[in-house]
Each structure stands twice: as structure tokens, then as C-alpha cells.
Amino acid sequence: MGVSLPAVWPDWAEALIAHPTLLQQIADGAGGAFHVVHPPTFARNLADFQAVFTEFEIEGLVYFAKKANKSTAWLRAVAEAGAGVDVASLGEFRSALGHGVRGEKLVVTGPAKSDELLWLAVRHGALIAVDELSELERAIAFGSQEQPVRVLLRAVAAEQPDTRFGMSGPERKAAVHRCADAGAAVRMEGFSLHLSGYDPLARAVKAGRLAVEIGQARALGLPADTISIGGGFAVDYVRQEDWEAFQAETGPSQFHAKKEFPGGFYPYHSPVSGAGALAEVLTSRYGSEGPDLREATIAEALRAKGIKLAVEPGRALLADAGVSVFEVQGFKWREHLQYGIATVAGTSLSLSEQWFASEFLPEPRLWPEGGAQQRTPSAVGGTSCLDSDMLTWRKLPLPRPPKRGDFLVYPNTAGYQMDSNESAFHELPIPKKVVLDLTGPEPRWFFEEAAWKACG
């Protein structure tokens, strides 16, 4: 009959669903599937991260990882909060500048950066996370005494040797000496960390190791004062009891065509998430050499050594800040299988967990709500002519059979789900983004191009 995994919905999204006509109004204007984004929620998430730095008396830098969502609606909140943006392309760099984020508040990440991107970064005083030695040479070539290139040296964790990002310990040592030899053309500001996963302790351990390398760089006369521990701050989508029940009960029989996911799923419940995970990093023990700091926390060690900590959250800043809405075009009940398949306007390219050969599990709400209840297990397919185009493979326990003209509202999709894989396949329209404003007596909404009105 379908295992339930209900999401935790923020108040603004509950208000959207509860409104008698708002979803239909937006759908009429959008002309297809659409995403609703809520910048005030993003701003609160950002403030929570900054508050952790204040609480621990750490000079901290928050860079929004723009790759997590293409919308420009978040950038005004970033600019007004004095935060920064993590960019990895010319398009992201220009978008951030064009929406109020100053160049010195940008960090340029990603591998094998183009010369044009490096040049632009130097011209605007952006920080560059250098991924390898030849890239360092190209970056230094754009620096000068009047306008030095600002760099972090990107480190690869020994625990993840197969990654294609970052420099090994010997490579970092060579890069540090090259920065010292380059003199005024380069300003080596510290190290950045590439580490997959969501374990706060693993980031704390690596931060402790890099703090030692900061000292070694300073001994060569470099102004190193920053460690970036990247992103990897989990998002809590569902309640613990629901997640545990789902994991205990689910299996291939709960999915259309008995679909299996050998790589597993994102940890949709996390006991420590968002800014709380940053606090967990800072309260972890430093445990490095030197009796004076062996029992210190990471926060105490950073304060003692005068080191700034940078973070690059994406999904965590976008938590609860967006939903995705798909109109039901039809519903087919498979009597011999005892479950149905809804087809919606749109495709699975707008729920991007498929990029990881996985599934977005928090279940959507069927709108309109209410009325007669008839538990109806249903998978959800896209409007393309591919069997693999499934927004939801699992048999959702919908409260009634969906019908043409209904909407399925997917929760908490702003972080990586909405647009990482978007495509005009079949020449279908790419879903529009709508900015929702609930501050007045009546809700207002704007297409993203007019979002300035909703962000003011």
C-alpha cells in the first residue's frame, strides 16, 4: 500500500497549500510545472550560520554555494548580510556581481578554471581556491604587486584519495613554497578543504590538520589566516521516527517496477543539521600537536591561532526555501499491480536526485486537499516518452486517486533538486521560478525576473 515518509513543511509552504486559489493562479501564469522560492527562509538560514560564528567568537565567512540553485532570488539576501558566494563559472561570477555581491566576497572554486575566469577573479579581488599546481602558476601570472591574486590552496583528504579534486600533502607543500617565491604577486590566504559526506567530526579533524599547515605557511612569511571547510552540512527533511520506519519497511516491492537503488539514498533525517552541524564542528576537539592546544576545541584553537573559518553551504542555506509544483495530466490504475501511475506536466529532470542514481524520497502533497479519503498507492511519471522518466518510483500513499488538474507539491526542493538537471527535452518548457511574498495582507508572487519587488 505504500510506505509513508511525510516531510516537515515550513509555515510559508503550508500557507501556500492552504490558500484556496493561489496554486492555480500561479499555474495559470506559469503555463506548466513551476518552482516556488521563499527568500526570507534562505535569509534566516544564512543568519543562523552567522550566529554560530558570533556565538563562538570566531571570525567566520559564509559563502553560498550557488551551484545548489540557479535562482538569483537568494543573492540580495547574501549581499545584505555581508556574506559571499561560491562560484565555479563565468556565468555564476557575473550573476553574483550583477545582483549586488562584491568581488571580494566571491570565492572561485571548481577544477581547471579557465584563464578568463582567473583573470576576472583577480580584477575583482575575488578569492581563488586553487585546485592544482599548474592552475596556481596560471593564477600567479595574472597577479601583480598592485593587484595580487588571492588564493586558498585546495586540500584533498587522505581519507578520500580517489577524488579528482584538490592537492595532496606534498603538492600543497610545493604550492606553499611557490607562493612564498612569488612575492607580492600572490596573497596566499590559507587552505580550502574538499571532503565528501556529512560528518561534522571528519571536517573538524581535517580543519585541525590544516591549522598546522597554516602555521607552516606563516613561517615562510605568508599571511595565511583562513581555512575553508566547504559544505556538507546536512538538511533534515523528515522526522526521525518516520525515517526509521521507512528504512525498516521499504524494499524493491515498494517501488514501481521493483526499482532498486544500490547506492542508497540521501540521509533525509539528520540529528545534526544546518548551522547546528557547524556548531558541532567548532565544539569538536582539536587534538593536534602541542600540549597547549591538545585538549582545545576547534573554536578555541582557531581563536588562539587567529584563524578565520570559511564555510560554503548550498543545500543547508536553501533548506525549506522552495517547493516544486507539477500539474497532474492523467492517472492510470494498474489493477494487476494494485497501484497507479500519475503522469504530470514536467519531467524528472526537475527532481535531480536521479543524477545520483537515487530518488527524492520526501513525499509530495496532493492538492486540493480534503474530501473523501481513499488511500491510493501511486508512482509519479513525467510527460516524456521514456520509461525511465519517473519523478517518484516509490508507491506514494496518496490520500485519494489523483485526477487531471490536481497538483503534486514536492517539499524542500530548492537545494539541488529544482534545476541541477533541468532540460527542455521534448521542447517542453523549463519550469519557471516564482518568488512568493507573504508579508502583506494578501499573498503576492512574481516571476523570478521581477523578484526584486518581493525581496525588498
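Computed from a prediction, not measured in an experiment: that's the story for all the values here.

**Notes on the UniProt feature "active site" (unreviewed entry) in the chain**
Okay, step 1: Feature annotation in UniProt places "active site" (unreviewed entry) on Cys385, given in this structure's numbering.
Okay, step 2: Summarising the element assignment, Cys385 is placed in the loop between β13 (376-381) and β14 (390-398).

**Considerations on the UniProt feature "domain: Orn/DAP/Arg decarboxylase 2 N-terminal" (unreviewed entry) in the chain**
Okay, step 1: Listed under "domain: Orn/DAP/Arg decarboxylase 2 N-terminal" (unreviewed entry) in the UniProt record, and renumbered for this structure, are residues 51-246.
Okay, step 2: The span residues 51-246 carries 41% helix and 19% strand; its end-to-end C-alpha distance comes to 34 Å.

**Quick look at the sheet that holds strand β2 (residues 60-65)**
Okay, step 1: Judged by pairing direction, the barrel is parallel, and its eight strands sit side by side in the order β2-β3-β4-β5-β6-β7-β8-β9 before closing back on the first. On average, each strand axis in the sheet is inclined to that of its neighbour by 25°, with strand direction left out of account.
Okay, step 2: Note: strand β4 (residues 106-108) against strand β5 (residues 127-130), two bridges, orientation parallel. Among the inter-strand pairings, Val108 is bridged to a residue of β5, identified as Ile128.
Okay, step 3: Against the sheet, helix α8 (residues 169-182) contacts β6 (149-156) and β7 (186-194), and its axis sits at roughly 170° relative to β6.

**So, the pairing of β13**
Okay, step 1: Of all the six residues making up β13, six are buried; the element is thus mostly covered by neighbouring parts of the structure.
Okay, step 2: Along β13, one buried face is formed by Thr376, Ser378 and Val380 and the opposite face, lined by Pro377, Ala379 and Gly381, is buried too.
Okay, step 3: Bridge analysis of strand β11 (residues 339-344) against β13 gives four bridges, and the strand direction is parallel. Note on β13: the bridge partner recorded for Gly340 is Ser378.
Okay, step 4: Two elements, β13 and β14, share five bridges in a ladder whose sense is antiparallel. Considered in β14, the bridge of Val380 is made with Thr392.

**A look at unusual backbone geometry**
Okay, step 1: Note the cis peptide between Trp367 and Pro368, where omega equals 5°.
Okay, step 2: On the secondary structure map, Pro368 appears in the loop between β12 (365-367) and β13.
Okay, step 3: For Lys258, which is not glycine, the phi torsion reads 50° and is therefore positive.
Okay, step 4: Lys258 gets classed as exposed once you look at its relative accessible area, which sits at 61%.
Okay, step 5: Despite not being glycine, Asn412 has its phi angle at roughly 50°, a positive value.
Okay, step 6: Tracing the backbone through its elements, the reader meets Asn412 in the loop between β15 (407-410) and β16 (432-437).
Okay, step 7: The exposure class assigned to Asn412 is buried, which follows from its relative accessible area of 7%.

What counts as what
- Residues numbered from 1 in each chain as written.
- Predicted model: local features only at pLDDT ≥ 70, side-chain atom pairs only at ≥ 80, totals over all residues.
- Heavy atoms only, no water.
- UniProt positions renumbered as here; feature names shortened; annotations may be inferred.
- Helix = DSSP H or I, 4+ residues; strand = E, 2+ residues; numbered from the N terminus.
- Pairing = 2+ DSSP bridges.
- Axes fitted to C-alpha atoms, helices over the stretch in contact; angles between N-to-C directions.
- Contact = heavy atoms within 4.5 Å.
- Buried < 20%, exposed > 50% of the residue type's maximum accessible area, 1.4 Å probe, protein only.

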